[in-house]
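Below are the chains, spelled out letter by letter.
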Amino acid sequence: MSVLNGAISIVLGIAGGIAVGSGVIALILVLDMIPRLAQVTQSYDKTHWYEGALIGGSLLGTVADFWHWKMHGVMLLSPIVGLFCGVFIGLLAAALTEVLNVLPVLAKRLGMRSYLFGLLLAMILGKMTGSLFDFFVYQR
């Protein structure tokens, strides 16, 4: 039975990773974070640097999380990392507020306006189910 549990865990892990990764990339693309950042900072020629930083940071964070990297004795680096994380979260929040009406517009264009409540409910229940699954199954 442990082989079956391992196979199910692998499939669920890959599926969850693909879903979360696709969602984050879709969010970044829909919000036009990188072109907007280039527009605000008037640095259109540095767009490839922004993209590289986003990809590199995601890759480094994933590898550090998988391999449980720990940095001991680097207390001066913590505020710098916190600053960069805060800038990213601030940019994401600012971009999200600019396009807060994405779901109603998408539902209208797809002809799913009457299903908008069900779509939002499915998203909420999916998030809740995934969180409970993570809390009760993977945290043991």
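Residues numbered from 1 in each chain as written. Predicted model: local features only at pLDDT ≥ 70, side-chain atom pairs only at ≥ 80, totals over all residues. Heavy atoms only, no water.

By the naming in an unreviewed UniProt entry, the protein goes by Stage V sporulation protein AB and is assigned to Paenibacillus polysaccharolyticus.

Structural notes on the packing of helix α2 (residues 33-41) against helix α3 (residues 47-66)
Interaxial distance between α2 and α3 falls to 10 Å at its minimum, and their mutual angle equals 135°. With respect to α3, the element α2 is oriented oblique. In the crossing of α2 with α3, the sense of the turn from one axis to the other is right-handed. Residues Ile34, Leu37, Ala38 and Thr41 of α2 form the contact with α3, whose own contacting residues are Thr47, Tyr50, Glu51 and Leu54. Of the residues contributing to the contact of α2 with α3, the split by class is 5 nonpolar, 2 polar and 1 charged. (Axes fitted to C-alpha atoms, helices over the stretch in contact; angles between N-to-C directions. Helix = DSSP H or I, 4+ residues; strand = E, 2+ residues; numbered from the N terminus. Parallel < 35°, antiparallel > 145°, perpendicular 65-115°, else oblique. Left-handed = near helix turned anticlockwise from the far one by under 90°. Contact = heavy atoms within 4.5 Å. Nonpolar A, V, L, I, M, F, W, Y, C, P; charged D, E, K, R; others polar.)

Things to note about α3
Between its terminal C-alpha atoms α3 stretches 29 Å, which fits the 28 Å expected from 20 residues at 1.5 Å a residue. His68 occupies a position one or two residues after α3 and carries a positive phi of about 50°. (Expected span 1.5 Å × (residues − 1).)

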